[in-house]
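# A look at the structure
Residues per chain, in single letters:
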Amino acid sequence: MADVDDVSILEQSSPDNSGKEFMIGFMENSIIKRKDFDIELFITTASSSKVLVRVTAPKTKYPHLNETLQVSNGEVKQLSISNKFRHIGTEFSSKGILITSTDEVVVYGINKEFYSTDGFLGLPTDVLGTKYFAATYAPATRYCLILIVGVHDNTNVNIKLGDNNGVRVIYGGITYGKGDSFEVKINRFSTFQIHSSGDLTGTCVTSNKTVSIFSGNIKTAIGRGKTQDHLVEQLVPVDRWGKRFLAMSTPDRTAGDIYRFIASERDTEIIVKFQTQGRRTTSDTLRLSLPGHWTYKWYDSNTLLSITSSKPISVLQYTVSQYNDLGDPSMMIIPPIEQYGADYTFTTPKYSQGSYFNYLLFVVRNSEKTWIEDKW
Ligand SMILES: [Ca+2]
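Residues numbered from 1 in each chain as written. Predicted model: local features only at pLDDT ≥ 70, side-chain atom pairs only at ≥ 80, totals over all residues.

### Topic: the overall build of the protein chain
When helices and strands are counted, the protein chain shows 1 helix and 26 strands. Overall size of the protein chain, expressed as C-alpha extent along the three principal axes, is 55 × 50 × 40 Å. In the protein chain, which comprises 376 residues, the share counted as buried stands at 44%. For the protein chain, contacts bridging at least 24 residues in sequence account for 81% of all contacts bridging at least 6. (Helix = DSSP H or I, 4+ residues; strand = E, 2+ residues; numbered from the N terminus. Buried ≥ 20, exposed ≤ 12 C-beta atoms within 10 Å, placed from the backbone. Contact = placed C-beta atoms within 7 Å.)

### Side note on unusual backbone geometry
Each neighbour pair has its own omega, and for Tyr62 with Pro63 the value is 0°, a cis peptide bond. The omega angle of the peptide bond from Ala138 to Pro139 is 5°, so this bond is cis rather than trans. Mapped onto the fold, Pro139 is located in the loop between strand S10 (129-133) and strand S11 (144-150). Although it is not a glycine, Tyr115 adopts a positive phi angle of roughly 60°. Located in the positive-phi region is Phe189, a residue other than glycine, with phi close to 80°. Here Phe189 shows up in the loop between strand S15 (181-186) and strand S16 (191-196). Of the residues examined, Phe189 has 22 C-beta atoms within 10 Å and is grouped as buried.

### Description of the environment of Val169
With respect to the helices and strands, Val169 occurs in strand S13 (residues 169-171). For Val169, a count of 23 C-beta atoms within 10 Å translates into the label buried. With 100 residues separating them in the primary sequence, Val169 and Glu269 have C-alpha atoms 31 Å apart. Ignoring any residue separated from it by four or fewer positions in sequence, one finds Val169 in contact with Thr90, Leu161, Tyr176, Ile194 and Ser196.

### Remarks on the nonpolar core
Ranked by size, the top nonpolar core spans 89 residues in total, and within it Ile148 and Ile213 carry the most contacts. The greatest single-element share of this core, amounting to 8 residues, is contributed by strand S8 (residues 97-113). Setting aside its immediate chain neighbours within four residues, Ile148 contacts Val157, Ile186, Thr191, Phe192, Val205, Val211 and Ile213. (Core = buried A, V, L, I, M, F, W, Y, C linked by C-beta atoms within 7 Å.)

### Comments concerning the confidence of the model for the protein chain
Per-chain confidence: the protein chain averages 92 in pLDDT, with 94% of residues scoring 70 or above. Within the model, the stretch residues 1-13 combines pLDDT values under 50 with 21 contacts to residues more than four positions away or in other chains. (pLDDT = per-residue confidence, 0-100.)

### What to know about the pairing of strand S17 (residues 204-221)
Where a strand is regular, its side chains alternate between the two sheet faces. Extensive coverage of S17 is indicated by the burial of 13 of its 18 residues. Two elements, S10 and S17, share 4 bridges in a ladder whose sense is antiparallel. When the bridges of S17 are listed, Phe133 appears paired with Cys204. Both S11 and S17 contribute to a ladder of 7 bridges, which runs antiparallel. Bridged to Gly150 within S17 is Val211. Bridge count between strand S12 (residues 155-160) and S17: 4 bridges; the pairing is antiparallel. Directly across from Val157, in S17, lies its bridge partner Ser207. As judged from the 6 bridges shared by S17 and strand S18 (residues 228-234), these two strands associate in the antiparallel manner. The partner of Gly216 across the bridge, within S18, is Val232. Turn length for the S17-S18 hairpin, with the two strands adjacent in sequence and antiparallel, is 6 residues, and the turn residue Gly223 shows positive phi of about 85°. (Pairing = 2+ DSSP bridges.)

### Things to note about the environment of Gly19
Note on placement: Gly19 falls in strand S2 (residues 19-24). Judged by the 22 C-beta atoms lying within 10 Å of it, Gly19 is buried. In this structure, the C-alpha to C-alpha distance between Gly19 and Val127, residues 108 residues apart in sequence, is 9.0 Å. Leaving out residues up to four positions away in the same chain, Gly19 has contacts with Glu104, Pro124, Thr125 and Asp126.

### Some thoughts on the environment of Ala134
Within the secondary structure layout, Ala134 lies in the loop between S10 and S11. Each C-alpha atom, one on Ala134 and one on Arg365, is 31 Å from the other, the two residues being 231 residues apart in sequence. Not counting residues within four places of it along the chain, the set of residues in contact with Ala134 comprises Ile146, Leu200, Thr201, Thr203, Val205, Ser215 and Leu235.

If you want it as structure tokens, here you go:
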């Protein structure tokens, strides 16, 4: 539990991750030993009445997907979906998956394979936007990925590749490098995945209508170790980025965590105050000159971070590969303080080989600490 003195802005009405319509897709994962797994959706609700949920992919005939399920408060429904819904390479397809419900639900997607799993929190279509910056990881053991899923017909999408050496996307017979841009037109349920062995972090995707975007890696090692995993998050549009964040190390690790910071505007100054257990509070000042530029810091385990920036940024936390400890890579978007909620309904995934240890990390105001301790 982190002690927090400076959480003063909590907007109760801020947009959240529960909704009645989601448009999602699944990126490429690495299948080994012919042990391919289904992809998974976890759906739950805070609603007090029974909620009917429909999951469809009307533009994909094979495999067929048209499921209806019912979920109530306190219940988590798991739905297995054919892994044929994943994409391969730079690919145009129609594998958009639509989730609609009679009341607000919370959706998690898990892209699970043998030794290669990561999950994402689904964002409802009413919080999607028209401008995004991708987050991936490099040096990538395999390719970095971006998946664009169409929410509306006749959507024009511009993709401006990040300013990173080694970026290389081949589309329509043309090779695009760092800083290059190209356009595609997509419809509702259309999907377009691009891949690059160079880092796609900071790649800017803009569109004339809202789109749903996922980014990450097929399966990669992170940091000094060799263990690899799939990386994925559903991206938060730039207009919902924030300036104040709190983060903490992955529990029970000693290899530390890597954080990446992506700028949305020119001349962004980021101050990271951090305190590692048993040491004094210190701070780093990071500067990013252009939109889509990013930097990273590797902080020791058992560290609490308080991050403030002069302009809206995205903060990503990367769990690193095993290095004289236990744990595997994953990628997580850190929500800004401005979007903290008072209620959370969540679930935990199952490991492809058995079971995980599950951890709940939460941040609470110092003034409310006693209340939490009383209730716990
Ligand atoms: Ca993730």
